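# Examination of the molecular architecture
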Amino acid sequence: MTLDVTDLTKTYSSGDEALRGVSLSVEGNETTAMIGPSGAGKSTFIRCINRLTEPTSGTVTLDGTELTALGDDALREARGDIGMIFQEYNLVERLTVMENVLTGRLSYVSAWQAFRRSFPPEDIRRAYDILDRVGLGDMEDKRADELSGGQRQRVGIARALIQQPKILLVDEPTSSLDPETSNTVMQLLTEIAAERDIPVLINIHEVDLAVEYADRIVGLHDGELVFDGTPSELDDAGFDR
Ligand code: ADP
Ligand code: ADP
């Protein structure tokens with residue numbers, strides 16, 4: 001699996017130039033952390049990959065398919081290969097853990113539609129396996145609004161995994177979590193990359209977590225890529241922590 005992003009730009013209608021020509025390839029089962037200060041364009045970059053935000057120019061190619069060239073139907077299908085995990089979890093509060101995970105089987109269909117569907121038994125079996133894997137084995141009947149932040153993030157991860165994605169894109173997974181929970185979530189994400197043999201791209205502003213858990217670090221500043229290397233090369237480059 002390879003994700004190739006070439007010369008991506010995004011200028012919002014407000015005039016903000018969030019991305020000014022970013023090129024990046026990720027492949028294999030590498031965990032890549034994208035670091036950079038608030039406003040650098042990290043979130044815009046991730047959202048442009050599956051076109052939750054439309055890029056202004058540039059191309060995004062996933063496994064040979066140019067996502068930036070697809071029409072609506074083909075894009076919807078291609079999005080099924082991309083697991084997205086958001087900072088604010090985006091869980092449906094009134095649904096249970098199990099129901100929230102199963103909504104991941106229906107990429108971008110409304111959760112309420114999902115709620116009324118009956119799910120095939122193999123999906124339910126797979127959901128149990130994934131919940132076990134993320135450490136929520138006995139929580140399937142809890143409602144989302146009864147969970148702690150760390151548990152909510154694990155549901156978000158499980159929901160992304162049930163689509164059997166070819167890549168995971170993760171936007172600030174730890175920004176609402178305490179340090180210990182942040183570490184366990186980062187650990188889980190890197191383990192999943194290895195187990196599933198898929199690349200994981202994580203936006204994260206905490207440089208220490210990036211250095212500890214990522215194989216590769218890219219630095220974004222003012223919409224431009226300013227660093228690309230290993231954690232130890234980042235240390236040598238004298239980046240502020
Ligand atoms: P696009 O150019 O992709 O259509 P818009 O500029 O129309 O995007 O903005 C999309 C939405 O994001 C709007 O609802 C807007 O209010 C909101 N928005 C505007 N500025 C910001 C910002 N700095 N950060 C986050 N959201 C913003
Ligand atoms: P980061 O994730 O690194 O904090 P963002 O991608 O959220 O960076 O933001 C990059 C720039 O784009 C900022 O200047 C931000 O205000 C602007 N921006 C982000 N989202 C929107 C939006 N929807 N509409 C207009 N401007 C936006």
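Residue numbering note: each chain is counted from 1, following its sequence as written. For naming, the first written chain is A and the first written ligand is 1, with later ones following in the order written. Residue-level local features of this predicted model are given only where pLDDT is at least 70; pairs of side-chain atoms are given and counted only at 80 or more, and the full residue set underlies all totals for whole chains, interfaces and linings. Computation of side-chain values: all heavy atoms of the structure, hydrogens and water removed.

- An unreviewed UniProt entry lists the protein under the name Phosphonate transport system ATP-binding protein, with Halobacterium jilantaiense given as the organism.

## Focus on the sheet that holds strand 4 (residues 57–62)
- Read from one edge to the other, the open sheet built from four strands follows the order 2-1-4-5, with strand pairing classed as antiparallel. The open sheet has two edge strands with one neighbour each: strand 2 (17–27) and strand 5 (65–66).
- Strand pairing is assigned whenever DSSP identifies at least 2 bridges connecting the two strands. Strands are runs of DSSP state E lasting at least two residues, helices are runs of H or I lasting at least four, and both sets are numbered from the N terminus onward. With five bridges connecting them, strand 1 (residues 2–11) and strand 4 associate as antiparallel partners. What sits directly across from Thr 9, in strand 4, is Ser 57.
- Across the sheet, helix 1 (residues 42–49) touches strand 1, strand 2 and strand 4, and the angle it forms with strand 1 is around 120°. Here a residue-residue contact requires only that any non-hydrogen atoms of the pair lie within 4.5 Å. A fitted line through C-alpha atoms represents every axis, and for helices the fit uses only the stretch in contact; the resulting angles, taken between N-to-C directions, go from 0 to 180 degrees.

## Some points on the side chain of Glu 172
- Looking at the secondary structure, you find Glu 172 in the loop between strand 7 (167–171) and helix 7 (179–196).
- Exposed residues in this analysis have more than 50% of their type's maximum accessible area, buried residues have under 20%, and partly exposed residues fall in between, with area computed by a 1.4 Å probe over protein chains only. Charged-residue counts in this description rest on Lys and Arg as positive and Asp and Glu as negative, His and the chain ends being excluded. When a carboxyl oxygen of Asp or Glu is within 4 Å of a side-chain nitrogen of Lys or Arg, the pair counts as a salt bridge. No salt bridge is formed by the buried Glu 172; its nearest oppositely charged neighbour, Lys 42, is found at 4.1 Å.
- A polar contact is formed between the side chain of Glu 172 and the side chain of His 205, at a distance of 2.9 Å.
- Those residues in contact with Glu 172, other than ones at most four positions away along the chain, are Lys 42, Gln 87, Asn 203, Ile 204, His 205 and Glu 206. Residues adjacent in sequence count toward polar contacts only when both atoms are side-chain atoms; beyond that, a polar contact is any pair of N or O atoms within 3.5 Å, and within protein one must be able to donate a hydrogen and the other to accept it.

## Remarks on the site of ligand 1
- Lining the immediate environment of ligand 1, one finds Lys 10, Tyr 12, Ser 13 and Ser 14.
- Measuring from an oxygen atom of ligand 1, one finds a side-chain N or O atom of Lys 10 at 2.9 Å.
- Between an oxygen atom of ligand 1 and a side-chain N or O atom of Ser 13, the distance comes to 2.6 Å.
- For ligand 1, the accessible surface in isolation is 560 Å², of which the surrounding protein chains cover 25%.
- Throughout this entry, Asp, Glu, Lys and Arg are counted as charged residues, while Ala, Val, Leu, Ile, Met, Phe, Trp, Tyr, Cys and Pro are counted as nonpolar. The remaining residues, Gly among them, count as polar. Broken down by class, the residue content of the shell around ligand 1 amounts to one nonpolar, two polar and one charged. Proximity criterion: a residue is near a molecule or strand once any of its heavy atoms comes within 4 Å of it. A 1.4 Å probe and the Shrake-Rupley method give the accessible areas. Residues count as covered only by the protein chains that appear here.

## A short note on the nonpolar core
- Grouped together as the largest cluster of nonpolar side chains are 46 residues, with contacts concentrated most on Val 101, Ile 157, Leu 168, Leu 189, Ile 204 and Ile 217.
- Taken together, the elements giving at least two residues each to this core come down to strand 3 (31–35), helix 3 (97–103), helix 5 (121–133), helix 6 (149–161), strand 7, helix 7, strand 8 (200–203) and helix 8 (207–213).
- For Val 101, the contacting residues outside a window of four places in its chain are Ala 127, Leu 131, Val 155, Ala 158, Arg 159 and Ile 162.
- We call a set of buried Ala, Val, Leu, Ile, Met, Phe, Trp, Tyr and Cys residues a nonpolar core when their side-chain atoms join them within 4.5 Å. Leu 19, Ala 40, Ile 49 and Met 84 belong to the second-largest nonpolar core, a separate cluster that totals 27 residues.

## A few points about the confidence of the model for the protein
- Counting all residues, the mean pLDDT for the protein is 91, and 93% of those residues have values of 70 or more.
- Interface confidence for the predicted complex, expressed as ipTM, amounts to 0.73; the pTM equals 0.87. In predicted models, pLDDT denotes the confidence assigned by the predictor to each residue on a 0 to 100 scale.

## Topic: the pattern of salt bridges
- Enumeration over the complete set of coordinates arrives at 12 salt bridges.
- When the shortest N-O distance is used, the salt bridge between Asp 73 and Arg 76 registers 3.2 Å. Here the residue Asp 73 and the residue Arg 76 both occupy positions in helix 2 (residues 72–79), the gap between them amounting to three residues, near one helical turn.
- Under the relative-accessibility criterion, Asp 73 is labelled exposed at 57%.
- Residue classification places Arg 76 among the partly exposed positions, given a relative accessible area of 44%.
- Where Arg 133 meets Glu 191, a salt bridge forms, and the shortest distance between an N and an O atom there is 2.7 Å. Of the two residues, Arg 133 is situated in helix 5 and Glu 191 in helix 7; the sequence distance between them amounts to 58 residues.
- Taking relative accessible area as the criterion, Glu 191 reaches 30% and is therefore assigned partly exposed.
- One continuous salt-bridge network, built from bridges that share partners, spans Glu 30, Arg 216 and Asp 228.

## Some words on the side chain of Ser 182
- Within the secondary structure, Ser 182 is located in helix 7.
- Of note is the side chain of Ser 182, whose polar atom sits 3.4 Å from the backbone oxygen of Leu 177.
- Non-local contacts of Ser 182, meaning those with residues more than four positions away in its chain, are made with Thr 174, Leu 177 and Leu 209.

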